[in-house]
Amino acid sequence: MAVLMANPIYDSVFKFLMQNLDAAKVLVSALLDTKVLDLVLNSQELVDKRDNNLGILRIDFKATIEIPEGKTRVVTIELQKAKLQSEVMRFRKYLGLQYEDENNARKEVRKGKNSNGEEITVQALYPYPIIPVFILGHKFVDINEPIIYVDRVCKNALKQPITGLDNEKFIDCLSHDAIVIQLPYLNKKYGTRLEKILSFFDQSFFQDDRFFTDSDNIDVTDNQDLDRIKQVLIKAAADVELRHRMEVEDEVDSELDNRAKEIEILKADKENLAKENDNLAKEKDNLAKEKEKLMQEKIDSAKAMKADGMPASIIAKYTGLSEVEIEGL
């Protein structure tokens, strides 16, 4: 009998996976392409399904990572996952919340003296660098690449790269790198460590059953990292409550998708109505101009007849103007 594992594209399964810090450490380490020495799941978590066509899961980590020369560095990982088409502004909003949160900063207490020479205690905040990771269940970027790294490059006035700025607080804390994962572009040729780990998200394995697939579809032989993730997804598949949550997600996403389509239809109807109103306004304007032109022609004719000495009664008969209007010309 096949041993099943759950589909991590579902928010409930992905949360189950990321709450296992050993498995989360494997994914984060592969994403950053470095060793993760410590990983802490922050309390902040937000699932936003309020928008008509949006479903975003946000999970935040504080990671202590290894950098060159045997040094370590603490960074904030903001992992945002979306299955449906979404708005860039929503991603920016969540990223802004991370920059604003003082919990994403190292607090240092220093002793000093004020202007009067009195000893005081000063608390200083040093923000951790933020690395946003976007895991997208749709083709969001018009580039046929499953993994996109957005790296900062600091340059001098001659456009030459400047090195050694990794721990410069001003630059490091006010700008960021980013990682974009486009799941629909994944294929089965997994060469890099990250690509192999992302194989669990490859939806081609879930064509017969959206919820589960045979765990043997992904070879984890002699690979502890892959096996660690695989075992968590097997546990997820055995969780009855998790299965129910996956079903609810499908219902919600289907409702959101239908509502989005309805809104698109309403938008199209509104645009068509606006065009019709615009055409009516143009027709009305053209009629007004035509009427004004016709009136001007009558007035010009009346003036010419009056100049030739024709009586007002005759002019009124041929122009349609009243004798009072003719007298006023």
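For the structure, check the block above.
Residues numbered from 1 in each chain as written. Predicted model: local features only at pLDDT ≥ 70, side-chain atom pairs only at ≥ 80, totals over all residues. Heavy atoms only, no water.

1. Focus on helix H3 (residues 88-100)
Then comes step 1: A rise of 1.5 Å per residue sets the reference length of H3, with its 13 residues, at 18 Å; its end C-alpha atoms lie 19 Å apart and thus fit the reference within 8%.
Then comes step 2: Of all the residues in H3, the buried ones are Arg90, Phe91, Tyr94, Leu95 and Gln98. All buried residues of H3 lie within an arc of 140 degrees about the axis, which places them on one face of the element. Along H3, the residues that are exposed and aim more than 90 degrees away from the buried face are Met89, Arg92 and Glu100. (Helix = DSSP H or I, 4+ residues; strand = E, 2+ residues; numbered from the N terminus. Expected span 1.5 Å × (residues − 1). Buried < 20%, exposed > 50% of the residue type's maximum accessible area, 1.4 Å probe, protein only. Arc of directions from axis to C-beta.)

2. A closer look at the side chain of Glu78
Then comes step 1: When you line up the elements, Glu78 lands in strand S4 (residues 71-82).
Then comes step 2: Side-chain polar atoms of Glu78 contact the side chain of Gln80, separated by 2.4 Å.
Then comes step 3: Setting aside its immediate chain neighbours within four residues, Glu78 contacts Arg58, Ile59, Asp60, Tyr94, Leu95, Gln98, Ile131, Pro132 and Val133. (Polar contact = N/O pair within 3.5 Å; in protein donor to acceptor, adjacent residues only side chain to side chain. Contact = heavy atoms within 4.5 Å.)

3. Description of the pairing of strand S7 (residues 130-136)
Consecutive residues of a regular strand have side chains that alternate between opposite faces of the sheet.
Then comes step 1: Summarising burial for S7: seven of the seven residues are buried, a large majority.
Then comes step 2: Here S7 shows a buried face lined by Ile130, Pro132, Phe134 and Leu136 and a second buried face lined by Ile131, Val133 and Ile135.
Then comes step 3: Bridging between S4 and S7 involves seven bridges; their strand directions are parallel. For Ala82, the partnering residue across the bridge sits in S7 and is Leu136.
Then comes step 4: With four bridges connecting them, S7 and strand S9 (residues 178-182) associate as parallel partners. By the bridge assignment for S9, Leu136 is matched with Gln182. (Pairing = 2+ DSSP bridges.)

4. Digging into unusual backbone geometry
Then comes step 1: Even without being a glycine, Asp33 presents a positive backbone phi close to 55 degrees.
Then comes step 2: Along the polypeptide, Asp33 turns up in the loop between helix H2 (21-32) and strand S2 (36-48).
Then comes step 3: The residue Asp222 is not glycine, and still its phi comes out positive at about 60 degrees.
Then comes step 4: You can see Asp222 is positioned in the loop between strand S10 (212-214) and helix H6 (224-237).

The analysis is restricted to geometry; functional conclusions fall outside its scope.
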